[in-house]
Structures are given as structure tokens and as C-alpha cells.
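The primary structure of each chain is shown beneath.
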Amino acid sequence: MLDGKKTIFSGMQATGNLTLGNYLGALTNWVDLADDYNCYYCVVDEHAITVRQDPTALRQNARKVLMIYIAAGLDPEKCCIYYQSHVSAHAELGWILGCYTYMGELSRMTQFKDKSAKHADNINAGLFTYPVLMAADILLYQSDLVPVGSDQKQHLELARDIAIRFNNIYGDVFTIPEGYIPKAGARIMSLQDPTKKMSKSDENENATIHILDKPDDIIRKFKRAVTDSVGIIQYTDDQPGIRNLIDIYTACTGKTVDETVREFDGKGYGDFKMAVGEVVVDKLAPIQARYDELAKDKAYVDSIIKNNAEKASYFANKTLRKVQKKIGYPERIR
Ligand code: ATP
Ligand code: LTN
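Please read all numbers here as calculations on a predicted model, not as lab measurements. (Residues numbered from 1 in each chain as written. Chains lettered and ligands numbered in written order. Predicted model: local features only at pLDDT ≥ 70, side-chain atom pairs only at ≥ 80, totals over all residues. Heavy atoms only, no water.)

**Student:** A description of the site of ligand 1 should follow, citing residues and the corresponding values.
**Tutor:** The environment of ligand 1 is made up of 22 residues, and the closest members are Lys 115, Asp 151, Lys 197, Ser 199 and Ser 201. At 2.5 Å from an oxygen atom of ligand 1 is found a side-chain nitrogen or oxygen belonging to Lys 115. Here an oxygen atom of ligand 1 sits 2.7 Å away from a polar atom, N or O, in the side chain of Lys 200. Here ligand 1 loses 97% of its free accessible area of 600 Å² to cover by the protein chains. (Near = heavy atom within 4 Å. Polar contact = N/O pair within 3.5 Å; in protein donor to acceptor, adjacent residues only side chain to side chain. Areas by Shrake-Rupley, 256 points an atom, 1.4 Å probe, with all protein chains shown as cover.)

What follows is the structure in C-alpha cells.
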């Protein structure tokens, strides 16, 4: 705990342009929680290479993700916004924690199964040990709270199990983190296949709303969103497309599901899709405006990148040194 405040850690992969799912499932909560916590918000470029990346695209995406964090309302003077690869303690603790994690635990991870199926030609060891590096990210900063979408629940539970296991052997080294998963927006689905989560690496452009999409594109994608032939706007598992649109609408407006269903009672899908598109455009407009400003200020963004990497390294190294000592690595000679 620093300044009497608890610590938050979270991250997003630099695997593409951030989506409405990333925003409603995680980023918006990061902003809401930022004033009350000591925050580390990381661009996890090391996790990104578990799937093959083009080097130029990775570098550009990483910078975009970092700028979107700031544009979404995180103050980089208060929140530590940085690149994972600039703080070597992540990889170092990742190695150590891998020796306290079982193959059986990792092979149960649904993200590993999903990504292996999607990238059958590149099922690499990093993809398998991905959750260990994620545990290292979280535990390095003695994090109390980890705001994420519901797809990360299983990884978080593993991070807790690893921390508890380690503490049972060596004493109280790590804070045991809690997840923070939103009620509305925890799992936004693809607009083209509402049984699949909206994902920034989806190849179908119409499936995903990106935070930086232009208003016309956002409206067009909602107009084309896959629904059903029932014709009634109601919140049910049998209508996953409509349910997803209701989730997006409630997450953007703060209205409840019941209020939303009442508001659109008797209306057609066309009107509803348009209304959802409009609230999303309104929600993203201020972020897009701030992003455009930031993109023009290279020196400012560079200074954030440098200063925050130093700040994160300082804290991360403190935990790393403690862990190294506990497990019996030889002392450093000064
Ligand atoms: P990729 O397509 O490369 O797997 P992704 O879109 O799933 O990427 P991540 O970087 O893995 O995004 O996730 C960043 C954060 O956004 C995590 O907290 C994750 O839980 C959340 N998130 C991702 N997709 C969604 C979604 N569809 N709905 C709600 N939250 C999401
Ligand atoms: N695995 C996460 C990204 C991530 C993360 C973290 C989230 C990497 N390290 C630490 C929270 C805390 C994902 O969204 N796919």
C-alpha cells in the first residue's frame, strides 16, 4: 500500500486496435477507479508476441494502445502507464513463477485452448505459459485489484493460486489480488457472430467496433450487426445478438436492462441498432478527440514512456529482489 492507497494493475495486449469490448470490459473501469488507487496500467507487448506479430505493426499498435489509455481519461502523471518490455522484472519473475506452476493448471486454461485452435500452426511454449507472465505482472506490484473483462477470470484465479502457493512456502511475499469484473460490459460479443467474444484480432472488420473507428463506420457496423428473426427486443439467451446490443446500450448509458427493454418496446431492430450506434459514437467521440491531440505531441508521449518505465522498474525490482532472496539466489556483491 502506498500513500494509504491500494494498488491496481491491469494490461492490454498490443495485438491490434483496441475495441469497444476492451473499453467497456476494462478501460472504462480503469478510469473510474484511478483516483482511489495507486495504478499501474501496462501495455503488454510481451504477451502480444505469443501470436506472431509484424514488428512494425507491433511497435505502432503498442504506442496506439498507450495513447488510448491516456485519451480515455487516465492521467499519466498519476497512473503509471508503461510498456511491459521496458521493465525486465516482468520476464524475470515470470521465469521464477513458472517453476511454481503446474503443467496441468496451464493446460486447463480456456484461452490457451481457444488460441491454439485459432493458431494451429504456431502453438508455442509462450502461449502455454502466458498466464504465468500475467501472474508476474500482477504480483510484482503487490496489486490488490485487477480490473478485467470476464474472459480473464480464469487467469486471475491462477495468479491467486500461484501467489498463495508461493506465500505458503516462503512467507508473506505477495499480496493476493482480487479481480474486478464489471456487471455491464464484462463480455461484449462479436457483431457478426454473437456467440464469440469481440476481439481486436478478429479478421472480419464488421465484427468489431474499434475505439478509433469513425462515426459513419460505427453506425454502418451496427446496422449490419447479426440479430435474429424473432423481431422482439428482449434480453434472452435465445437472442444472443439482441442481448449483446442491449449489453452495449446499458454499458454506454448506465441504464438498466429493464429500462432499455421498456424504452424499445414495440420498436423495430433497425431503430434499436441505430440508437445503439449513436450512444457508442457519443461515448467514443471525446476519446477520439483527445487521441488526435496526443498523436501530435510526440515529445510529451515519449516523456511519459520514459518516466513511467523508470517508476515501474523501481517498484517491480523491489518485489523481484525480495523473491530472489527468498528462493535462495546468491546475493549481489555491491
Ligand atoms: P486478442 O484479440 O488479441 O486476444 P482482446 O481483444 O481479447 O485481444 P486483450 O488485450 O486480450 O484483448 O484484453 C484486454 C482487456 O479487455 C482484458 O481485460 C479483457 O478481459 C478485456 N476484453 C477483451 N475483449 C473483451 C470483450 N469482448 N468484452 C469485454 N471485455 C473484453
Ligand atoms: N491476459 C490479459 C492481458 C494481461 C493482463 C495482465 C490483464 C496481461 N497481463 C495483468 C490484467 C493483469 C488479456 O486481456 N488477455
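**Student:** Account for the side chain of Thr 7, with residues named and values stated.
**Tutor:** Following the sequence through the fold, Thr 7 ends up in strand E1 (residues 6–13). In this structure Thr 7 comes out as buried when scored by relative accessible area, which is 3%. A polar contact of 3.4 Å, which involves the side chain of Thr 7, links it to the side chain of Asn 38. Non-local contacts of Thr 7, meaning those with residues more than four positions away in its chain, are made with Tyr 37, Asn 38, Tyr 40, Tyr 141, Gln 142, Ser 143, Asp 144 and Leu 145. (Helix = DSSP H or I, 4+ residues; strand = E, 2+ residues; numbered from the N terminus. Buried < 20%, exposed > 50% of the residue type's maximum accessible area, 1.4 Å probe, protein only. Contact = heavy atoms within 4.5 Å.)

**Student:** Break down the nonpolar core for me, citing the residues and quoting the values.
**Tutor:** Membership of the largest hydrophobic core comes to 62 residues, with the highest contact counts inside it found for Leu 27, Tyr 69, Phe 222, Ile 248 and Val 280. Considering each element in turn, this core owes the most residues, 11 residues, to helix H12 (residues 269–295). Judged by nonpolar contacts, the second largest core, of 41 residues, contains Phe 9, Cys 42, Phe 112 and Leu 127. (Core = buried A, V, L, I, M, F, W, Y, C linked by side-chain atoms within 4.5 Å.)

**Student:** Got a sec to walk through the environment of Arg 63? Specific residues and values, please.
**Tutor:** If you trace the backbone, Arg 63 turns up in helix H3 (residues 55–71). Setting aside anything within four residues of it in sequence, one finds Arg 63 in contact with Tyr 83, Lys 298, Val 301, Asp 302 and Ile 305.

**Student:** For the packing of aromatic side chains, give the residues involved together with the corresponding values.
**Tutor:** For the structure shown, the criterion picks out 15 aromatic pairs. Taken together, a centroid distance of 6.0 Å and an interplanar angle of 75 degrees make the contact between Tyr 100 and Tyr 170 edge-to-face. Here Tyr 170 lies in helix H8 (residues 153–170) and Tyr 100 lies in the loop between helix H4 (89–98) and helix H5 (103–107), a separation of 70 residues in the sequence. Residue class for Tyr 100 comes out buried when judged on its relative accessible area of 15%. With 5.1 Å between their ring centres and 50 degrees between their planes, Phe 166 and Phe 174 make a pair best called tilted. Both residues of the pair, Phe 166 and Phe 174, count as buried. Through pairs of rings, three or more aromatic residues link up here, namely Phe 9, Tyr 40, Tyr 82, Tyr 141 and Phe 315. (Phe/Tyr/Trp six-rings, centres within 6.5 Å; stacked < 30°, edge-to-face > 60°.)

**Student:** Let's hear about the site of ligand 2: which residues, and what values?
**Tutor:** If you check the shell around ligand 2, you find 14 residues, and the closest are Phe 9, Tyr 130, Met 134, Asp 137 and Gln 152. Tyr 130 has a polar side-chain atom sitting 2.6 Å from a nitrogen atom of ligand 2. Asp 137 places a side-chain nitrogen or oxygen 2.7 Å from a nitrogen atom of ligand 2. Isolated, ligand 2 exposes 360 Å² of accessible area, and the fraction of that covered by the protein chains is 92%. With respect to the pocket detection grid, ligand 2 is positioned in the largest pocket. Mapped onto the shell around ligand 2, the elements with two or more residues apiece are E1 and helix H7 (125–140). (1 Å grid on protein atoms, 1.4 Å probe; cavity = no way out; pocket = protein on both sides within 12 Å on 5 of 7 lines; lining within 4 Å. Sits in = over half its atoms within 2 Å of the grid points.)

**Student:** Break down the layout of surface pockets for me, citing the residues and quoting the values.
**Tutor:** Approximately 1200 Å³ is the volume attributed to the largest pocket. Lining the largest pocket are 47 residues, and of these Gln 111, Lys 115, Asp 151, Lys 197 and Ser 199 sit closest to its centre. Put simply, the parts of the chain that give the lining of the largest pocket at least two residues each are E1, helix H1 (20–33), helix H6 (110–118), H7 and strand E4 (145–147). Its residues assigned to classes, the lining of the largest pocket comprises 15 nonpolar, 20 polar and 12 charged. (Points joined across faces, edges and corners; volume = space filled by probe spheres on them. Nonpolar A, V, L, I, M, F, W, Y, C, P; charged D, E, K, R; others polar.)

The quantities given are spatial measurements derived from coordinates; they are silent on function.
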